[in-house]
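Examining the three-dimensional arrangement
One letter stands for each residue in the lines below.
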2 protein chains.
Amino acid sequence: MQISELSARTQVPVPTVKYYLREGLLAPGVATSATRAEYDDQHVRRLRLIRALAEFAGLRLDQIRGVLSAVDDEQTSLHDALGSALGLHAPGAAPDDETRARVDALVRRWGWDVSEDSPHRDTLARALASLVSLDHPMPPEMLDLYGAELHRIATAEVESVPTTSREEAVVHAVIGTLLVEPVLSSIRKMAHEEISSRRLAHHAVRTAHRTRD
Amino acid sequence: MQISELSARTQVPVPTVKYYLREGLLAPGVATSATRAEYDDQHVRRLRLIRALAEFAGLRLDQIRGVLSAVDDEQTSLHDALGSALGLHAPGAAPDDETRARVDALVRRWGWDVSEDSPHRDTLARALASLVSLDHPMPPEMLDLYGAELHRIATAEVESVPTTSREEAVVHAVIGTLLVEPVLSSIRKMAHEEISSRRLAHHAVRTAHRTRD
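Overview of the structure. Keep in mind that this is a model prediction, so the values were computed, not measured. (Residues numbered from 1 in each chain as written. Chains lettered and ligands numbered in written order. Predicted model: local features only at pLDDT ≥ 70, side-chain atom pairs only at ≥ 80, totals over all residues. Heavy atoms only, no water.)

With that out of the way, let us pick up the overall build of chain A. The helix and strand tally for chain A stands at 10 helices and 2 strands. Listing the helices and strands of chain A from first to last along the sequence gives α-α-β-β-α-α-α-α-α-α-α-α. For chain A, the proportion of its 213 residues judged to be buried stands at 51%. Pairs at least 24 apart in sequence give 60% of the contacts found in chain A among residues at least 6 apart. (Helix = DSSP H or I, 4+ residues; strand = E, 2+ residues; numbered from the N terminus. Buried < 20%, exposed > 50% of the residue type's maximum accessible area, 1.4 Å probe, protein only. Contact = heavy atoms within 4.5 Å.)

Have a look at this one:
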């Protein structure tokens, strides 16, 4: 296919495609004339991956380059390639030592294999610390429930990662991890409404009766 | 207590407390001299609620006023008061009709009692539409799994809402709904690492072997 079709199929504008070619993120096509080149499905997959990393994961060019080399290096496990794509964002101040130690103890107790320097340990610690500062500490039983339910969700998600190519697996993981968050968040809030409408509406009726006595 | 202690206990600065008093969001204390007034626990609860609505739910003053009147009106069910606190944000463009109809069908199929004009129906529809536009449509089985797991999570969350006072219930729901999101998100990502390290690491080994053949 020509560059225009490559652009149409990936929804990446032609000037951006040319930029990626110049920067070496995308391998050159096979030249068919002085000004034309032919591209194939490998280019489509690679461009989709670059787009997912740039647009959704919000990575800088040098970070994208790092992920791509992890994807290309067959000696890097797919797991590590995914980690390098997804661990790069999630910035933020370091949490206090006590809360971080609480998170580490939790992960150990759950028996989860999560690297010591995963940024998500810090994100969780910061969130737990802010709940404490608001006088709404998260009860340990609730954290255990979150761990168990989200482990079930994550299992189904990891199972759905395509293993057809390393590029597709990484694209799927980036899109799945980042773009699925609003799906989970909105379903959770609808579930709150559903449960609360059955439970608290009833409670309010009792309160109203008591008030009228 | 005096205004300085009220400020310290709620972490709301004194000038802000005075502003809420002037705006009538907070009832005046009992005057003990020309320049002093005495405040009580009701003021503490009310200020905590205003703070949660302003800082975490990001509501404007007129929206906060609306939530407070829902909290104060015993004829309004607690469920509706919660809805008025949590339904006010989540802005965004209307989703396309087809995806919105898909969400409505889903909620009907699940048998969930969610109001037709809940903003979370639109949020979910927009998220699903963006996944379709990226060639990663969400499979219906996955949505069903999310619905079932998040219903379990939401049940435990709604059960943990304190029923000691309407104010505390709303503060708890606002903090719980909004500030717990980074907790869920970071645990989910750690679960991905945990599961993927066991599964994909193994897969990568097989791929590497095949490459070497």
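Residue and element names in this part refer to chain B. Relative to each other, helix 6 (residues 97-110) and helix 7 (residues 119-133) sit at 120 degrees, their axes nearing to 9 Å. In terms of axis orientation, helix 6 runs oblique to helix 7. Crossing geometry of helix 6 relative to helix 7 is assigned as right-handed. Along its contact with helix 6, which presents Thr 99, Arg 100, Arg 102, Val 103, Asp 104, Leu 106 and Val 107, the element helix 7 presents Arg 121, Asp 122, Leu 124, Ala 125, Leu 128 and Ala 129. Within the contact of helix 6 with helix 7, the residues separate by chemical class into 7 nonpolar, 1 polar and 5 charged. (Axes fitted to C-alpha atoms, helices over the stretch in contact; angles between N-to-C directions. Parallel < 35°, antiparallel > 145°, perpendicular 65-115°, else oblique. Left-handed = near helix turned anticlockwise from the far one by under 90°. Nonpolar A, V, L, I, M, F, W, Y, C, P; charged D, E, K, R; others polar.)

Let's shift gears to the interface of chain B and chain A. Facing 83 residues of chain B, the contacting portion of chain A comprises 82 residues. Per-residue buried area on chain B facing chain A is highest for His 79, Arg 188 and Met 190 of chain B; these three make up 9% of the total on that side. Note that Glu 181 of chain B is salt-bridged to Arg 188 of chain A, the shortest N-O span being 3.7 Å. Inspection of the region where chain B meets chain A yields 15 residue pairs in polar contact (both at pLDDT 80 or more). Mapped onto the side of chain B that touches chain A, the elements with two or more residues apiece are helix 3 (41-56), helix 5 (78-86), helix 6, helix 7, helix 8 (140-159), helix 9 (166-179) and helix 10 (181-212) of chain B. With 27 residues, the single largest contributor to the side of chain B that touches chain A is helix 10 of chain B. The class makeup of the residues in the side of chain B that touches chain A is 37 nonpolar, 28 polar and 18 charged. (Buried area = accessible area lost by both parts, 1.4 Å probe. Salt bridge = Lys/Arg side-chain N within 4 Å of Asp/Glu carboxyl O. Polar contact = N/O pair within 3.5 Å; in protein donor to acceptor, adjacent residues only side chain to side chain.)

Bringing unusual backbone geometry into the picture now. Phi is positive for Gln 11 of chain A, which is not a glycine, with a value near 60 degrees. Take Gln 11 of chain A: it is sitting in the loop between helix 1 (3-10) and helix 2 (14-22).

Quick look at the side chain of Lys 189 of chain B now. The residue Lys 189 of chain B is located in helix 10 in this model. Of the residues examined, Lys 189 of chain B reaches a relative accessible area of 14% and is grouped as buried. In contact with Lys 189 of chain B, other than residues within four places in its own chain, are His 120, Thr 177 and Glu 181 of chain A.

We now examine the relation of the copies chain B and chain A. The transform that puts chain B on chain A rotates by 180 degrees and translates by 0.0 Å along the axis, for an RMSD of 0.0 Å. Here the copies are linked by what is in effect a two-fold axis. Considering only C-alpha atoms, the part of chain B nearest the rotation axis is Glu 149 of chain B, at 3.1 Å. Here 99% of the contact residues of chain B are again contact residues in chain A; the copies associate through an equivalent surface. (Least-squares fit on C-alpha atoms with pLDDT ≥ 70 in both.)

Here we come to the environment of Val 132 of chain A. Residue and element names in this part refer to chain A. Considering the arrangement of structural elements, one finds Val 132 in helix 7 (residues 119-133). Owing to a relative accessible area of 45%, Val 132 belongs among the partly exposed residues under this scheme. Separated by 33 residues in sequence, Val 132 and Thr 99 have C-alpha atoms that sit 9.8 Å apart.

To continue, consider the packing of helix 4 (residues 61-72) of chain B against helix 9 of chain B. Residues and elements named next belong to chain B. Where helix 4 contacts helix 9, the axes come no closer than 9 Å and their chain directions differ by 135 degrees. By the angle class used here, helix 4 and helix 9 are oblique. Relative to helix 9, the crossing made by helix 4 is right-handed. Each of Val 67, Ala 70 and Val 71 in helix 4 lies in contact with helix 9, whose residues at this interface are Arg 166, Glu 167 and Val 170. Taken together, the residues of the contact of helix 4 with helix 9 break down into 4 nonpolar, no polar and 2 charged.

Moving on, we come to the pattern of salt bridges. Counting across every chain of the model gives 30 salt bridges over all chains. With its nearest N and O atoms 3.2 Å apart, the salt bridge here joins Arg 152 of chain A to Glu 149 of chain A. Taken together, the residues Arg 152 of chain A and Glu 149 of chain A, both in helix 8 (residues 140-159) and 3 residues apart, mark about one turn of the helix. Two residues, Asp 41 of chain B and Arg 9 of chain B, come together in a salt bridge whose shortest N-O distance is 3.3 Å. With Asp 41 of chain B in helix 3 and Arg 9 of chain B in helix 1 (residues 3-10), the pair connects residues that are 32 residues apart, well separated along the chain. One salt-bridge network, in which partners are shared between bridges, spans Arg 100, Asp 104, Glu 116, Arg 121 and Asp 122 of chain A.

Right, let's talk about the environment of Thr 99 of chain B for a bit. Residues and elements named next belong to chain B. If you trace the backbone, Thr 99 turns up in helix 6. Along the backbone, Thr 99 and Arg 121 are 22 residues apart, and their C-alpha atoms lie at a distance of 9.9 Å. Each residue touching Thr 99, except ones within four places of it in the same chain, is listed here: Ala 125, Leu 128 and Ala 129.

Attention now goes to the packing of aromatic side chains. We describe a pair of aromatic rings using the distance from one ring centre to the other and the angle between the two ring planes. Tallied over the full model, the rule gives 4 aromatic pairs over all chains. Geometrically, the ring pair formed by Trp 110 of chain A and Trp 112 of chain A is tilted, given 4.8 Å between the ring centres and 50 degrees between the ring planes. For the pair Trp 110 of chain A and Trp 112 of chain A, one class covers both residues: buried. An angle of 45 degrees between the planes, with centres 5.9 Å apart, marks the rings of Tyr 19 of chain B and Tyr 20 of chain B as tilted. A relative accessible area of 9% places Tyr 20 of chain B in the buried class. (Phe/Tyr/Trp six-rings, centres within 6.5 Å; stacked < 30°, edge-to-face > 60°.)

Treat this as a map of the structure, not an account of what it does.
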